[in-house]
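Summary of the model geometry
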Amino acid sequence: MAATSPSPASGSIVAEDLAKTYGGNVRAVDGISFEVRPGEIFGFLGPNGAGKTTTVSILTAGLGATSGRAFVDGLDVVRHPLAVKRRIGIVFQEMTSDGDLTGRENIELAAHLYGVPRAEVRSRCEALMARMQIGEAADRLAKTYSGGMRRRLELAAGIVHAPSILFLDEPTLGLDPQGRAGFWKFVEELRHEHRMTVFVTTHYLEEADGMCERIAIIDHGKIVAHGTPGELKDRLGGDIVTVQPTAPSPALEALLRSLPGATSVQGLDGSYRVKSPSGEKLVPALVEACVHGGIGLASVSVKRPSLDEVFLEFTGREFREDEGASATDRAVMLSRVRDQLGRRR
Ligand SMILES: Nc1ncnc2c1ncn2[C@@H]1O[C@H](COP(=O)(O)OP(=O)(O)OP(=O)(O)O)[C@@H](O)[C@H]1O
Ligand SMILES: [Mg+2]
């Protein structure tokens with residue numbers, strides 16, 4: 001995936017050995033290279049603090065990299081920041097719509113900022129609001145919108161100038177599954193109609209699995225894996241059988257390794273992950289061997305590989321264990337508090 005020369009292709013995004021160090025010592029992005037092809041939806045996944053927003057900020061010409069180069073739509077983001085900004089749409093991780101303006105005013109404001117011809121502003125806004133199912137609420141203040149409506153408003157404002165490349169930084173954070181599904185439906189439709197390239201960061205691995213054609217997993221500023229979701233899961237080599245003994249058992253690991261069909265065994269916090277081309281076939285033999293060996297089993301589960309498993313495989317940690325009150329969560333909480341205070345006034 002490493003790009004050795006800039007791709008001139010319009011609609012593409014190229015990162016070449018990008019790095020960003022904050023304040024001389026926080027290495028937020030640590031030499032990443034990738035290429036997003038024109039028209040594809042590319043997922044950039046990683047836990048809190050992995051470097052996702054920093055990468056998006058560099059690619060969208062909002063932040064200078066410490067080293068490396070980036071090209072968006074064939075343009076160097078450092079040499080042509082304004083041209084890049086005109087060609088892209090961004091939905092930021094933080095809420096950027098103004099709660100004290102109506103939905104319509106927010107979209108119109110974005111249209112003017114992006115230089116949409118005056119004669120077209122009204123009709124584009126109407127069409128987008130209807131499309132995003134916020135037409136009925138167009139003249140209500142944005143702070144009265146539900147979370148899902150507000151995110152759709154942000155999406156409408158981000159694409160009002162019909163960009164060829166769309167950046168979405170945690171666009172569905174805090175939405176319920178229905179709200180997330182609704183949001184993605186619009187992104188999918190827009191992508192097909194306008195052949196838009198979409199670069200999306202997300203915490204929701206299962207969402208990325210269903211939506212993204214290719215993904216990169218970033219951890220501590222480095223890309224640890226990339227490919228299609230299917231390729232990454234195939235690299236795990238089959239099902240994952242998780243075995244939890246009733247008590248720590250020194251003999252269990254050797255027993256698991258000796259099972260026909262067990263291709264690898266990994267200990268994790270007192271339990272074991274056994275990989276096998278067919279988990280269902282492994283389990284009866286596994287249970288029988290444990291009964292024979294006098295090893296008590298608290299649980300045995302079989303999972304088809306998911307992106308959670310992919311993350312665990314490439315980083316050695318569970319994806320969720322990094323979660324805490326992150327920059328992401330704080331931003332969402334702050335904007336909600338800000339809006340609630342605004343509503344009371
Ligand atoms: N302006 C800044 N000054 C100093 N450090 C920063 C700054 N912005 C981000 N960082 C640090 O850089 C690292 C990467 O942050 P970044 O926001 O890019 O991560 P992220 O993957 O977007 O995380 P999240 O999932 O929480 O949004 C973190 O350690 C963060 O604390
Ligand atoms: Mg972020």
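Residues numbered from 1 in each chain as written. Chains lettered and ligands numbered in written order. Predicted model: local features only at pLDDT ≥ 70, side-chain atom pairs only at ≥ 80, totals over all residues.

Things to note about the packing of helix α5 (residues 147–159) against helix α6 (residues 177–194)
Our working rule: Geometry is summarised by axes, namely lines fitted to C-alpha atoms with helices restricted to the contacting stretch, and by angles between N-to-C directions that run from 0 to 180 degrees. Each helix corresponds to a stretch of at least 4 residues labelled H or I by DSSP, and each strand to a stretch of at least 2 residues labelled E; elements are numbered beginning at the N terminus. Oblique is the label for every angle not falling under 35 degrees (roughly parallel), over 145 degrees (roughly antiparallel), or within 65 to 115 degrees (roughly perpendicular). Crossing chirality is assigned from the near helix's rotation relative to the far helix, an anticlockwise turn below a right angle marking it left-handed and a clockwise turn marking it right-handed. Once C-beta atoms are placed from the backbone, any two residues with those atoms within 7 Å are in contact. Just so you know the grouping, Ala, Val, Leu, Ile, Met, Phe, Trp, Tyr, Cys and Pro go in nonpolar, Asp, Glu, Lys and Arg go in charged, and all remaining residues, Gly too, go in polar.
In the contact formed by α5 and α6, the axes pass within 9 Å of each other and the chain directions differ by 20°. By the angle class used here, α5 and α6 are roughly parallel. As for how α5 packs across α6, the hand of that crossing is right-handed. Of the residues in α6, those touching α5 at Gly147, Gly148, Arg151, Arg152, Leu155 and Ile159 are Gly179, Gly182, Phe183, Phe186 and Leu190. Here the contact of α5 with α6 is composed, by residue class, of five nonpolar, four polar and two charged.

Concerning the environment of lysine 275
To keep it simple, the criterion reads: With C-beta atoms placed from the backbone, the exposure class of a residue follows from how many other C-beta atoms lie within 10 Å of its own: 20 or more, buried; 12 or fewer, exposed; in between, partly exposed.
The topology assignment puts lysine 275 in strand β13 (residues 271–276). C-beta crowding within 10 Å serves as the criterion here: with 21 such atoms nearby, lysine 275 is assigned to the buried category. Taking C-alpha positions, lysine 275 is 8.3 Å from glycine 261, a pair spaced 14 residues apart along the chain. Look past the residues within four positions of lysine 275 in its chain and what remains in contact with it is Leu236, Gly237, Gly238, Ile240, Thr263 and Ser264.

Re the site of ligand 1
Here is the rule: Only the C-beta atom, placed from the backbone, is used; a residue is near a molecule or strand if that atom lies within 6 Å of it.
The environment of ligand 1 is formed by 16 residues, the closest being Tyr22, Ala28, Lys52, Thr53 and Thr54. At the level of secondary structure, the elements contributing two or more residues to the shell around ligand 1 comprise β2 (26–36), α1 (52–59) and α12 (327–344). With three residues, α1 is the single largest residue contributor to the shell around ligand 1.

Here we look at the sheet that holds strand β7 (residues 165–169)
Put simply, the test is: Being paired, for any two strands, means DSSP has found at least two bridges between them.
Taken in spatial order, the six strands of this open sheet run β6-β7-β8-β3-β9-β10, and their pairing is mixed. Looking at strand neighbours, the two that pair on one side only are β6 (88–91) and β10 (222–227), the edges of this open sheet. Each neighbouring strand pair of the sheet contributes to a mean axis angle of 15°, computed without reference to strand direction. Bridge count between strand β3 (residues 41–45) and strand β9 (residues 214–219): four bridges; the pairing is parallel. Pairing of leucine 45 across the sheet is with isoleucine 217, part of β9. In the packing of α5 onto the sheet, contacts are made with β6 and β7, and the angle to β6 comes to roughly 160°.

Describing helix α3 (residues 103–113)
To keep it simple, the criterion reads: As used here, the arc belongs to the directions running from the helix axis to the C-beta atoms.
Within the sequence span of α3, burial applies to Gly103, Arg104, Asn106, Ile107, Ala110 and Ala111. One side of α3 carries all its buried residues, which in axial view fall inside an arc of 165°. More than 90 degrees from the buried face of α3, the exposed residues found are His112 and Leu113. In the core, the buried residues of α3 are packed alongside α4 (118–131) and α5.

Notes on the nonpolar core
Heads up, the condition is: The term nonpolar core means buried Ala, Val, Leu, Ile, Met, Phe, Trp, Tyr and Cys residues held together as one set by C-beta atoms within 7 Å.
In this structure, Leu59, Ala70, Val72, Ile107, Ala156, Val160 and Val198 are the most contacted members of the largest nonpolar core, which totals 71 residues. Sorting elements by how many residues they give to this core places α5 first, with six residues. Listed in part, the twelve residues of the second largest apolar core include Leu256, Val274, Leu286 and Cys290.

Section: the pairing of strand β4 (residues 67–72)
Sheet topology note: the strand β1 (residues 13–22)/β4 ladder contains five bridges and is antiparallel. When the bridges of β4 are listed, alanine 15 appears paired with alanine 70. As paired strands, β4 and strand β5 (residues 75–76) are joined by two bridges and run antiparallel to one another. Note that in β5 the partner of phenylalanine 71 across the bridge is aspartate 76. Between β4 and β5, which pair antiparallel one after the other, the connecting turn spans two residues, and aspartate 73 there sits at a positive phi close to 55°.

Some points on the sheet that holds β1
Paired through their backbone hydrogen bonds, the strands of a sheet run either parallel or antiparallel. Reading across the sheet, the four strands line up as β2-β1-β4-β5 and stay open at both edges, with antiparallel pairing between neighbours. Strands at the two margins of the open sheet, each flanked by one partner only, are β2 and β5. Against the sheet, α1 makes contact with β1, β2 and β4, and its axis sits at roughly 120° relative to β1, the strand it touches most.

Considerations on the domain arrangement of the chain
So the rule is basically this: Where a domain begins and ends is set by an automatic assignment or by a domain database.
We note that the domain assignment places domain 1 (13–232) and domain 2 (237–304) within the chain. Here domain 1 and domain 2 have C-alpha centroids that lie 42 Å from each other.

Topic: the environment of glycine 294
Relative to the helices and strands, glycine 294 is located in the loop between α10 (279–293) and β14 (297–303). In this structure the C-alpha to C-alpha distance between glycine 294 and leucine 101, which are 193 residues apart in sequence, comes to 69 Å.

With respect to the packing of α3 against α5
Look at α3 against α5: their axes get within 8 Å of each other, and the N-to-C directions meet at 25°. Looking at the two axes, α3 sits roughly parallel to α5. α3 and α5 meet at a crossing whose hand is right-handed. The residues of α5 that touch α3, namely those facing Gly103, Asn106, Ile107 and Ala110, are Leu153, Ala156 and Ala157.

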